[in-house]
Amino acid sequence: SLDDDDDDSGGVLSSSSGSYTFLYSRERRTLVEGLTQARDELQLAESYCRGETMASPETLDVVESVAAGKTPRRWVSWTSPNLAVVGVTQWIAKVRRTHEFQALWGEAVMRQSNGTPPLMDLSCILNPRALLAAVILDGARLIGKSLDNVVLSATLTKRQAQGITRGPQGGGLFLSGLRLE
């Protein structure tokens, strides 16, 4: 939720779709571009393994990583910047979960006035800080205040992700996937 520093009413604000639609487009483009780059590198590695091309250091890294059951670091950074190097199976599962979340978000952009799904999974957001910045920016616009006068706040609920079909009454976002380190 967003609170106006000058007002102690603690009102929760809804957001306009512009920032979220832009963020969705950027998140989607980042995932697609990252997967395209990974696919291209995998095709080069396959060509090298067939003896059709010479190997570059990147190609050798792909071959060695995949042979060891690990995901090349570049692939992880392109598609899951908040994830450490993981096994190929885990990386594929993460990319798939992110893709499925983005598909739900895409439907929300088309169908809902605020352009957000009822539940935002932070573990599937490639740039979570950008999401939180969009919340703050839209909140500041809605209350007509400068960014300095808007505070992002959160309330812990006991709601389960499976039971959330709509956003919070009065605006804001339901978030899941938050991990503290």
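Please refer to the structure higher up on the page.
Just so it is clear, the structure is predicted and the values come from calculations on it, not from any experiment.

Trainee: What is the right way to look at the overall build of the protein chain in this model?
Mentor: A tally of helices and strands in the protein chain yields five helices and four strands. Start at the N end of the protein chain and walk to the C end: the helices and strands fall as β-α-α-α-α-β-α-β-β. Residue burial in the protein chain is summarised as follows: out of 181 residues, 34% are buried. Excluding contacts between residues fewer than 6 apart, the proportion of contacts in the protein chain whose partners are at least 24 apart in sequence is 61%. About 11,200 Å² of surface is accessible on the protein chain, with carbon and sulfur atoms providing 53% of the total.

Trainee: Before we go on, may I ask you to explain the pattern of salt bridges in this structure?
Mentor: Any two side chains of opposite charge can pair if their charged atoms end up close together. What the rule picks out here adds up to five salt bridges. Where Arg 50 meets Glu 46, a salt bridge forms, and the shortest distance between an N and an O atom there is 2.7 Å. Look at Arg 50 and you get exposed, because its relative accessible area is 57%. With a relative accessible area of 39%, Glu 46 lands in the partly exposed category. Salt bridges linked by common partners bring Glu 41, Asp 61 and Arg 74 together as one network.

Trainee: Looking at this structure, how should I read helix H2 (residues 57-67)?
Mentor: Because each turn of an α-helix spans 3.6 residues, side chains separated by three or four positions in sequence point in the same direction. For H2, the full list of buried residues reads Thr 59, Val 62 and Ser 65. Along the axis of H2, the buried residues cluster in a sector spanning 135 degrees; they form a single face. Across from the buried face of H2, at angles greater than 90 degrees, the exposed residues are Pro 57, Glu 64 and Ala 67. Positive backbone phi, approximately 80 degrees, marks Gly 69, located one or two places after H2.

Trainee: Would you mind going over the environment of Ser 153 with me for this structure?
Mentor: Its place among the elements puts Ser 153 in the loop between strand S3 (150-152) and strand S4 (174-176). Distance in space between the C-alpha atoms of Ser 153 and Ile 136 is 9.8 Å, their sequence separation being 17 residues.

Conventions and cut-offs
Residues numbered from 1 in each chain as written. Predicted model: local features only at pLDDT ≥ 70, side-chain atom pairs only at ≥ 80, totals over all residues. Heavy atoms only, no water. Helix = DSSP H or I, 4+ residues; strand = E, 2+ residues; numbered from the N terminus. Buried < 20%, exposed > 50% of the residue type's maximum accessible area, 1.4 Å probe, protein only. Contact = heavy atoms within 4.5 Å. Areas by Shrake-Rupley, 256 points an atom, 1.4 Å probe, with all protein chains shown as cover. Salt bridge = Lys/Arg side-chain N within 4 Å of Asp/Glu carboxyl O. Arc of directions from axis to C-beta.

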